[in-house]
Amino acid sequence: MISEVRLNQTLVLLLVAVPLFGLIVDQPYLVTLATRVAILGMAGVGLNLALGYGGLVSFGHAAYFGAGGYVAGILAHHALNVEPIADWPILISGTTEMLIIWPLAMLFGAALAVAIGALSLRTSGVYFIMITLAFAQMLFYFAISWPSYGGEDGLPIYVRNRFPGLNTFDPLTFFCICLALLMLVLWVTSRVVGSRFGLALQAARQNAERTTSVGIDIFRIRLTAFALSGAMTALAGALYADLNRFVSPSMLSWHTSGEIMILVILGGVTRLYGPVAGAGCFVLLEQFLGGLTEHWQFWLGLMLVGVVLFAKGGIVGLLTRRPADA
Amino acid sequence: MRDATGYRKSFTPDAARRTNGGSDAACNAILEVDQLTKRFGAVVANECVSFDLAVDEIHALIGPNGAGKSTLVRQITGELRHDAGTIRFRGRDISHLGAADRARLGLARSFQVSSLIAGFSVLQNVMLAILGRTGGHYRVFGRAMTDRSLLEPAVACLERVGLADRRSLPASDLSHGERRKLEIAVALALEPEAFVLDEPMAGMGPEGTRDMTDFFFGLRKAAPILLIEHDMDVVFKLADRVSVLVGGRIIASGPAAEIRQDSKVRAAYLGDDTG
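Here is a short report on the structure shown in this document. As the structure is a computational prediction, the values presented were derived from the model and not from experiment. (Residues numbered from 1 in each chain as written. Chains lettered and ligands numbered in written order. Predicted model: local features only at pLDDT ≥ 70, side-chain atom pairs only at ≥ 80, totals over all residues.)

1. As for the overall build of chain B
- When helices and strands are tallied, chain B shows 10 helices and 10 strands.
- Taking all 275 residues of chain B together, the buried fraction comes to 44%. (Helix = DSSP H or I, 4+ residues; strand = E, 2+ residues; numbered from the N terminus. Buried ≥ 20, exposed ≤ 12 C-beta atoms within 10 Å, placed from the backbone.)

Set out below in C-alpha cells:
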C-alpha cells in the first residue's frame, strides 16, 4: 500500500523509463507503446473529468477523440496537397504545424461537446449514456460516407506534423511531446477539480437538488465540464492521428468510446492518474496477452468485471486502499 | 413602482390588495403566494392556495400528513412548476424562474429529509453555499479549499450553529441533530431574504427541539421564516401567524392565538393530532 502521490510519481517514472529502456535494448516499439499509453491516458483524463468528477457517464467520447484526429488529418491533408480548405470568403489553407493543429482540435472538440452536451445533458442515467452513444455513432457514419476524406478507408497523413525546433519523426521526441502534454492536461485537471468550479461540479454529481438549492445552475456547470472534457479528449485524438499517421472512422466508433471508458474504470474513476494507470494496463494487456491469444479481450473483460465488483476505486484505488468517492 | 433592479421592496397597489385580507403585514410582504393550484393528473394537491410572508415574521404552515405541504414548498422553491396562480418574491413574479435563480434572489430552503452532500466535509457543504451566493463558480483555477473569501464566512456560519469544531468531518459522519444544524448553517450561508424551512425539527429529540426553537427565534432577525412544522408546541411558541392547510386548501389563516381557538382548525387538525 502506498500513498496516492507516491503512486502517481511511480506511474510517471515508469512511463519515462519504458521508452528509455526500449532504446537501450534496441526495441523501438516500446517507445511507440509508451506513446500510446500517454495518448490514451490523456483521452481518459478528459473523460474522467466528465464521467468521474462530473458523474456524466458519456459513452460517446470517441466523437471528440475522432474529431481531434480528423482535425489533424484534414489540416495536414490540405497542407500536403497544397489545396486550400476554403478560398471564400477568406482563404483557409491546411497546416502541418502542431501548434496550430492542437488548439484547433481542442476548440473543435469543445464546440462539439457543447452542441452534444446541450442536448444530452437534459437527460440522465441510461438515457444520457444512450444519447451520447447515438451522437458519436452519427459522426461515425458521417465519416464513413464522406468520400473527400477517405470515407471508410480513412485518411493517411504522409508526413508527421511539425513542431518548431524539434524533429517529430524521432519516436522519442514525439513521445516527449505527448508526455509533456499529458502532464499539462493532468495539471490543468487537478487545478480544475480543486477550484470553485470543481467544488460545484462534484457537488452536482453527489446531490443535484442541494446544489441547485444554493443557487448553482447545474446544467451550465455540467456543460462547461463536458466542453473541457471534450477539448482534452480531442487533443489526445490529434496526437493519436499523428502517432499512427492515419485517421479512420474507427477512431469515432463505439469501440473507441468503450475503450476510453474501460481504461478510466480500470484505472480508477475520480482518480487524477487513474486513466494513466488504466491506459498502461490496457496497452500492456493488448500487447502481451494479444501476442499469446487473439481472445485477449476476454481476459480484459474478466479483469474489468473484477475491478467493478471488488475494487471500485480501480487500480489506483486498490493500490492506495482508498475506496471510490460516492 | 419598480426601481432599476426590477424588484426590491416596492409594490404595486394591486399586489398589496391581493395579499392577506386586512392584515397589517400585507404591505410588507416579501413572499406572496396567490391562488396557487397544482394537480397531479386527477389528484388536486393544492387548490387556490394564497398566503404571504411579511418581513420579520415567522409564518407557520401546518397541516396533517398528505395536506400538500411538501408540494407547496416545492412549488415555492421552484423544484415543481405550479399549474395556476402566481408566486411573488420581493415584489417580483418568480413563477417562471428555476430553483437556482430563486435561490440566487434570496430564497433559502432547508430540506425535510436532510439533503447534504455526503461525500463533502461539513465545511465544504457550507462553502458550496457561499459559492452559490457569491458566484464565481465558473472559476476553474485557484484552490477553492484555501480561498479565504469562501472559508471565513463558512466558518462563521458553522460557529453560529455550533458546528465549527466538526468542520473537517464528512457530512455523512454527523449525527441526525448535527445534520439538521448543518442544514441551517447552509441556509444561513446563503444570507437569504427569506427562509423556507421544511420541518426542520423532524426526527429531533425533545432537547434538540428546544435548542432549535430558541435558535430560530433568533434567526428571524436575519430574515423572515416560512416554517413548515409538525410539532404544535414549536409552532405556537415561534409563529406570529399560522396558516392551516387541509386537503390542499388553506382552511384558516391568522395570528397564532386566533388559530389555536379556531373551531374549524381544532376539528380538522389540532384535535386529532395533539389529543
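2. Brief notes about the overall build of chain A
- Counting secondary structure elements, chain A contains 13 helices and 2 strands.
- Radius of gyration (C-alpha) of chain A: 19 Å, near the 20 Å computed for a compact globule of 326 residues.
- In terms of its C-alpha atoms, chain A occupies a principal-axis envelope of roughly 55 × 55 × 40 Å.
- Of the contacts made within chain A by residues no fewer than 6 positions apart, 74% connect residues no fewer than 24 positions apart. (Rg over C-alpha atoms; globule rule 2.2 N^0.38 Å. Contact = placed C-beta atoms within 7 Å.)

3. So, the pairing of strand S4 (residues 84-89) of chain B
Residue and element names in this part refer to chain B.
- Note: strand S1 (residues 29-40) against S4, 5 bridges, orientation antiparallel. In the strand pairing of S4, Val33 is matched with Ile87.
- When S4 meets strand S5 (residues 92-93), the two strands line up antiparallel, connected through 2 bridges. Each bridged residue has a counterpart across the sheet, and for Phe89 the counterpart in S5 is Arg92.
- Linking S4 back to S5 in an antiparallel pair, the connection comprises 2 residues, with Arg90 at a positive phi of about 50 degrees. (Pairing = 2+ DSSP bridges.)

4. Quick look at the interface of chain B and chain A
- Counting from both sides, the interface comprises 31 residues of chain B and, opposite them, 25 residues of chain A.
- When contributions to the side of chain B that touches chain A are tallied by element, the ones reaching two or more residues are helix H3 (99-105) and helix H4 (122-134) of chain B.
- Per-element tally for the side of chain B that touches chain A: the top contributor is H4(B), with 7 residues.
- Tallied by class, residues from the side of chain B that touches chain A come to 18 nonpolar, 8 polar and 5 charged. (Nonpolar A, V, L, I, M, F, W, Y, C, P; charged D, E, K, R; others polar.)

5. A closer look at the environment of B:Ile184
Residues and elements named next belong to chain B.
- Tracing the sequence through the fold places Ile184 in helix H6 (residues 176-189).
- The exposure class assigned to Ile184 is buried, which follows from the 23 C-beta atoms found within 10 Å.
- Sequence separation between Ile184 and Phe216 is 32 residues; the distance between their C-alpha atoms is 9.5 Å.
- Apart from residues lying up to four places away in sequence, Ile184 is in contact with Ser110, Val161 and Pro200.

6. Some thoughts on the sheet that holds strand S9 (residues 241-246) of chain B
Residues and elements named next belong to chain B.
- One open sheet accounts for 6 strands, arranged S6-S7-S8-S3-S9-S10; its pairing is mixed. Strands with a single pairing partner mark the edges of an open sheet, and in this sheet they are strand S6 (107-110) and strand S10 (249-255). Sheet twist, expressed as the mean angle between neighbouring strand axes with direction ignored, is 15 degrees.
- Both strand S3 (residues 58-62) and S9 contribute to a ladder of 4 bridges, which runs parallel. Looking across to S9, one finds that His59 is bridged to Arg241.
- The sheet strands contacting helix H2 (residues 69-77) are S3, S6, strand S7 (194-198), strand S8 (225-228) and S9, and the helix crosses S7 at an angle near 150 degrees. (Axes fitted to C-alpha atoms, helices over the stretch in contact; angles between N-to-C directions.)

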